[in-house]
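Spelled out, the chains give:
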Amino acid sequence: MDVHPPHGGIHSWRDFFVHLVVITLGLLIALGLEGIVEWGHNRHLVHTAEANLTAELQANRKTLADDLRFLDAAQRQTESDLSILAAVKQTNHASQELTFHWTWNGPASAAWDTARNTGAVALMNYESAEKYSDIYGQQAMVAAQSVVYVRDIYRTASPLEGGHKLGQLKPAELDAMIANAQQTLVDLKYLRDLSVSLARLYQKAPGGDS
């Protein structure tokens, strides 16, 4: 920002005050223009961030709906595995095989990370920023619990690694599998509760149903 005084010497107090007024007006105009440019930049930054967030949350909402269906199938599978394990423990004979298939996609957070890193969140009105913060905070909880749930599945299946057969397992190994499968159900149900709460938050987000 450059402001130059008018050309010519100062020969009187009148000339001095004219120079002072001209310089002051120039500074005020320059600052005003700079403020307008910055305001426009900030407005564009917030608008872009909100558009990206709305698109990301709409995609996340669809992903979550699929994940909830996957959890329903996983619960039925785990309950079936528990019944099979209980029967093997009682009869020492495995007539069915266990299944450990799982699917989980999880919500994205790239738009939120970008909005925070660029300072767009700080420029939003408080109500909008709070809603986005609540949603992405809940997403983080869902993501963390999904890791626990998937780890449970691998822990349950670990005695069968290396080609071991269910009917060949020792009683202690069967007990461990049963305990881990039960823990899988507990963690799965908690993951579902967190996911349902997240689905409600999506409905309150910009672009949601309410």
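Each remark here, short or long, concerns the structure printed above.
Note that the coordinates shown come from a computational prediction; the quantities given were computed from them, not determined experimentally.

A.B. asks: How would you sum up the overall build of the protein? Please name residues and give values.
C.D. replies: Of the regular secondary structure elements, the protein holds five helices and zero strands. Shown N-terminal to C-terminal, the secondary structure of the protein runs as helices and strands in the order α-α-α-α-α. For the protein, the residues scored as buried account for 31% of the 210 residues in total. Here the contacts in the protein between residues at least 6 apart in sequence split such that 79% fall between residues at least 24 apart.

A.B. asks: Would you mind going over the packing of aromatic side chains in detail, with residue names and values included?
C.D. replies: Tallying each qualifying case throughout the model produces two aromatic pairs. A centroid spacing of 6.4 Å and a plane angle of 75° characterise the contact between W102 and Y154, whose relative ring orientation is edge-to-face. One end of the pair, W102, is in the loop between α1 (13-91) and α2 (110-117); the other, Y154, is in helix α4 (residues 126-157), and 52 residues separate them in sequence. Note on W102: relative accessible area 32%, which makes it partly exposed. Aromatic side chains W112 and Y136 sit 5.1 Å apart centroid to centroid with 5° between the ring planes, which places their arrangement in the stacked category. Of the two residues, W112 is situated in helix α2 and Y136 in helix α4; the sequence distance between them amounts to 24 residues.

A.B. asks: Describe empty space enclosed by the protein, with residues and values.
C.D. replies: One pass over the structure, following the stated rule, counts one cavity of 30 Å³ or more. Estimated volume of the largest cavity: approximately 90 Å³. Lining of the largest cavity is provided by 13 residues; of these, T78, D81, F100, I153 and T184 occupy positions nearest its centre. For the lining of the largest cavity, the secondary-structure elements that each account for two or more residues are α1, α4 and α5 (171-204). If one sorts the elements of the lining of the largest cavity by residue count, α1 sits on top with four residues.

A.B. asks: I'd like a rundown of the pattern of salt bridges, residues and numbers included.
C.D. replies: This model, assessed by the stated rule, comprises five salt bridges. Of the charged contacts, one joins R69 and D66 as a salt bridge, the two residues approaching to 2.1 Å between their closest N and O atoms. Here R69 pairs with D66, and both are found in helix α1, just three residues apart, close to one helical turn. Overall, D66 belongs to the partly exposed group, its relative accessible area being 29%. Residue R155 is joined to D152 by a salt bridge in which the shortest nitrogen-to-oxygen separation is 3.1 Å.

A.B. asks: So, the packing of α4 against α5: which residues are in play, and what are the values?
C.D. replies: Between α4 and α5, the least distance of the axes is 9 Å, while the angle of their chain directions is 160°. One element, α4, and the other, α5, form an angle in the roughly antiparallel class. The hand of the α4/α5 crossing is left-handed. Taken together, the residues that form the contact of α4 with α5 break down as 15 nonpolar, ten polar and six charged.

A.B. asks: Lay out the environment of K204 in plain terms, naming residues and giving numbers.
C.D. replies: Along the chain, K204 falls in helix α5. Classification of K204 by relative accessible area gives exposed; the value is 52%. In sequence terms K204 and Y132 are 72 residues apart; their C-alpha atoms lie 9.9 Å from each other.

A.B. asks: How would you sum up α2? Please name residues and give values.
C.D. replies: Since one α-helical turn is 3.6 residues long, residues separated by three or four positions face the same way. Residues of α2 that are buried: A111, W112 and A115. Down the axis of α2, the sector holding all buried residues measures 100°, keeping them to one side. Positive backbone phi, approximately 85°, marks G119, located one or two places after α2.

Each value, and the rule that gives it
Residues numbered from 1 in each chain as written. Predicted model: local features only at pLDDT ≥ 70, side-chain atom pairs only at ≥ 80, totals over all residues. Heavy atoms only, no water. Helix = DSSP H or I, 4+ residues; strand = E, 2+ residues; numbered from the N terminus. Buried < 20%, exposed > 50% of the residue type's maximum accessible area, 1.4 Å probe, protein only. Contact = heavy atoms within 4.5 Å. Phe/Tyr/Trp six-rings, centres within 6.5 Å; stacked < 30°, edge-to-face > 60°. 1 Å grid on protein atoms, 1.4 Å probe; cavity = no way out; pocket = protein on both sides within 12 Å on 5 of 7 lines; lining within 4 Å. Points joined across faces, edges and corners; volume = space filled by probe spheres on them. Salt bridge = Lys/Arg side-chain N within 4 Å of Asp/Glu carboxyl O. Axes fitted to C-alpha atoms, helices over the stretch in contact; angles between N-to-C directions. Parallel < 35°, antiparallel > 145°, perpendicular 65-115°, else oblique. Left-handed = near helix turned anticlockwise from the far one by under 90°. Nonpolar A, V, L, I, M, F, W, Y, C, P; charged D, E, K, R; others polar. Arc of directions from axis to C-beta.

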